[in-house]
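Listed below are the residues making up each chain.
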Amino acid sequence: MKAERSVLPSRFSGLSIKLIATIIGVILLVEIVVYLPTLAAFRANWLDDRLRVGVVAARVLDAVPDVMALPRELTDRLLTSAGANAIVYRRQGQSQLIELASPIRPDLVVTADMRQADLMTLISGALDTLFADPDRTLRIVGEGDLDDSLVELLMSERPLRQDMLAYSRQIGIVSLSIAAITAVALYFMASYLFIYPVRRLTQNMLAFRQEPENASRIIVPSFRRDEIGTVERELAAMESDLFSMLRQRRHLADLGLAVAKINHDLRNTLTSAQLLSDQVATLDDPKVQRLAPRLVTTLDKAIGFAQSVLDYGRETAAPPVMAPTVIATLVADAAFEARLAGHPDIGFTNATPQELVLNVDAGQLGRVLLNLLKNAREALEAAGSAIAAPEVSVTATQDGDTVTIAVADNGPGLAPRARANLFVAFEGSARAGGTGLGLAIAREITEAHGGRLVLADQPQGTRFELIFPASLLVRP
Ligand SMILES: Nc1ncnc2c1ncn2[C@@H]1O[C@H](COP(=O)(O)OP(=O)(O)OP(=O)(O)O)[C@@H](O)[C@H]1O
Ligand SMILES: [Mg+2]
């Protein structure tokens, strides 16, 4: 069964778009994390600049004995140069104040104390400025340049907020540009290094899978020395292996087909010859009487061989059709067919419990049992009187997660030649007239059922075990 064919993902659902999105996301995240402290520092500098002008103004206030005596024009100039509505100067318990004519709304005053300069206070102050009422009055408090002097500036918060917004816009534009430039640069680099070669590999795999017998679809590795180069070389090797294997398989299949045809005709010809030989056997001539049986058995053997080769080609290809099957009945039928049941010399015991029911293909498993039982009978018959009480038995045991059906005899055991090629089709036979297919077919069928066919150790005779998974058990 073939898996569903895949298609190459488009440029926008594949790796590239994921890569770009990730890069831009990460850069923007980093920018946001960096943005807050930068903005806080910007605000602190801005306030510091104003305070510095305030300090200079305060120096002037400090120098004159009576502020009230200063001309209005001068104090207004001092205040506008600091951008402030009022400046308070405190020193040694005394304070001086100059202010513009415009009134201050004291209910909306917010204090920025420049003596507290830790990062968290600065960041929360900056956020406060950005998001609070824009009409607030700001009170900037800082140290003057003389010992324990204090300067306070009162001013509208609006210009600070506007400068901070402008600054944020700038940062935003710069961040987006950096993200875009980095993303494009990384995209091209990653495209060249990974995405393009991976797309080439993917395309090749898809194309090769469609036509694995077309040698021009085998990938031509580039000269890269990195992991992708290795992948390309390995893929090329795998594809050319697959290509040769498929070609070989096709040749073998063609040959098999030809053999099957020849074999089929041969069997028909032999069957006609058998009919003739049957008639020859009825002739009275004593010479003919002596030779005819030999001719008949030879033809029988040849036909049997042709038939089993045909069966091998035809039958083992079909997958098993599982159905609940009573094993004891299956064994009894197979024993009958193998001419073991009621055999004059060989004792047969069917010890499989009647209640053992497995989900198997009865036809195929019957064939397995028949092959094993026939082998046992043939071995015991060939041994003749060498075995005192020839006996064949079938038992079934169940333990944990397996069910084992064993076919055992007390015959001569396996010949070394048979042992060497056991389960190999056409190779395993060690008896005259054997095809060497029985065990190969038996193993193939057992494995198609998810089980195993093994030769078990036994001091005398031969014992084959069919080991099936307990999942095949049908419980009443
Ligand atoms: N119970 C057994 N006792 C002794 N030898 C066995 C036994 N079962 C199998 N063998 C040996 O294993 C060989 C292979 O068995 P297998 O059934 O595969 O082929 P075959 O019996 O020779 O031919 P086929 O079954 O195709 O007609 C046999 O020729 C025989 O020598
Ligand atoms: Mg056999």
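Residues numbered from 1 in each chain as written. Chains lettered and ligands numbered in written order. Predicted model: local features only at pLDDT ≥ 70, side-chain atom pairs only at ≥ 80, totals over all residues. Heavy atoms only, no water.

The protein chain is annotated in an unreviewed UniProt entry as histidine kinase of Devosia oryziradicis.

On the surface, a nonpolar cluster with roughly 670 Å² of combined accessible area is contributed by Leu15, Leu186, Met189, Tyr192, Leu193, Phe194 and Val198. Among the elements that take part in the nonpolar patch, helix H4 (residues 158–210) stands out by supplying six residues, more than any other. Since its relative accessible area comes to 31%, Val198 is described here as partly exposed. (Patch = residues over 30% accessible without salt bridge, like charges linked within 9 Å, V, L, I, M, F, W, Y side chains within 5 Å. Areas by Shrake-Rupley, 256 points an atom, 1.4 Å probe, with all protein chains shown as cover. Salt bridge = Lys/Arg side-chain N within 4 Å of Asp/Glu carboxyl O. Helix = DSSP H or I, 4+ residues; strand = E, 2+ residues; numbered from the N terminus. Buried < 20%, exposed > 50% of the residue type's maximum accessible area, 1.4 Å probe, protein only.)

We now examine the packing of helix H7 (residues 327–337) against helix H8 (residues 362–383). For the pair H7 and H8, the least separation of the axes is 9 Å and the interaxial angle reads 50°. Classed by the angle they form, the pair H7 and H8 counts as oblique. For the pair H7 and H8, the crossing hand works out as right-handed. Residues Ile327, Leu330, Val331, Ala334, Ala335 and Glu337 of H7 touch H8, and the partners they reach there are Ala362, Leu365, Gly366, Leu369, Leu370 and Leu373. (Axes fitted to C-alpha atoms, helices over the stretch in contact; angles between N-to-C directions. Parallel < 35°, antiparallel > 145°, perpendicular 65-115°, else oblique. Left-handed = near helix turned anticlockwise from the far one by under 90°. Contact = heavy atoms within 4.5 Å.)

What follows is about the domain arrangement of the protein chain. Frequently, the measure chosen for interface size is the accessible area removed from exposure when the parts meet. Split into domains, the protein chain comes out as domain 1 (15–180), domain 2 (227–315) and domain 3 (323–472). When each unit is reduced to the centre of its C-alpha atoms, the spacing between domain 1 and domain 2 is 100 Å. (Domains from an automatic or database assignment.)

A few words on the nonpolar core. By size, the foremost hydrophobic cluster in this structure holds 41 residues, and its most contacted members are Leu358, Leu369, Leu372, Leu373, Ile405 and Leu466. At the level of elements, H7, strand E8 (357–360), H8, strand E9 (391–399), strand E10 (402–409), helix H10 (438–448) and strand E12 (462–469) are the ones that each hand at least two residues to this core. Ignoring any residue separated from it by four or fewer positions in sequence, one finds Leu373 in contact with Val331, Ala334, Ala335, Ala338, Leu340, Phe348, Val392, Val394 and Val407. Counting residues in hydrophobic clusters, the runner-up holds 35 residues, among them Leu51, Val110, Leu122 and Met164. (Core = buried A, V, L, I, M, F, W, Y, C linked by side-chain atoms within 4.5 Å.)

A separate point is the pattern of salt bridges. For the structure on display, the rule yields 16 salt bridges. Arg443 is the salt-bridge partner of Glu447, the closest N and O atoms lying 3.9 Å from each other. Taken as a pair, Glu447 and Arg443 lie in helix H10 at a separation of four residues, close to a single helical turn. With relative accessibility at 44%, the residue Glu447 sits in the partly exposed group. For Arg443, a relative accessible area of 27% puts it in the partly exposed group.

Moving on to the site of ligand 1. Taken together, 19 residues form the shell around ligand 1, and within it Asn375, Asp409, Ser429, Ala430 and Leu437 come nearest. Ala430 has a polar backbone atom sitting 2.8 Å from an oxygen atom of ligand 1. Take Arg431: an N or O atom from its side chain is 3.1 Å from an oxygen atom of ligand 1. Here ligand 1 has 600 Å² of accessible area as a free molecule, and 91% of this is covered by the chains. Considering every element that reaches the shell around ligand 1, the biggest residue donor is H8, with three residues. (Near = heavy atom within 4 Å. Polar contact = N/O pair within 3.5 Å; in protein donor to acceptor, adjacent residues only side chain to side chain.)

What follows is about the packing of aromatic side chains. The final tally for this structure, using the stated rule, is three aromatic pairs. With a centroid separation of 4.3 Å and 5° between ring planes, the pair formed by Phe42 and Tyr167 is classed as stacked. One end of the pair, Phe42, is in helix H1 (residues 15–63); the other, Tyr167, is in helix H4, with 125 residues separating them in the sequence. Residue classification places Phe42 among the partly exposed residues on the basis of a relative accessible area of 22%. Taking 5.5 Å as the distance between ring centres and 65° as the angle between the ring planes, the aromatic pair formed by Tyr187 and Phe188 counts as edge-to-face. (Phe/Tyr/Trp six-rings, centres within 6.5 Å; stacked < 30°, edge-to-face > 60°.)

This part is about the packing of H1 against helix H2 (residues 72–82). Between H1 and H2, the shortest axis-to-axis distance is 8 Å and the interhelical angle comes to 160°. In this view, H1 runs roughly antiparallel relative to H2, as classed from their interaxial angle. Considering how the two elements wind past one another, H1 and H2 form a crossing that is right-handed. Contacts from Arg50, Val53, Gly54, Ala57 and Val60 in H1 reach Leu78, Ser81 and Ala82 in H2. Its residues assigned to classes, the contact of H1 with H2 comprises five nonpolar, two polar and one charged. (Nonpolar A, V, L, I, M, F, W, Y, C, P; charged D, E, K, R; others polar.)

Further remarks concern the UniProt feature "transmembrane region" (unreviewed entry) in the protein chain. UniProt marks residues 20–42 and 171–195 with the feature "transmembrane region" (unreviewed entry), using the numbering shown here. For the annotated span residues 20–42, helix accounts for 100% and strand for 0% of the residues, and the straight-line distance between the end C-alpha atoms is 32 Å. Helix makes up 100% of residues 171–195 and strand 0%, with an end-to-end C-alpha separation of 32 Å. (UniProt positions renumbered as here; feature names shortened; annotations may be inferred.)

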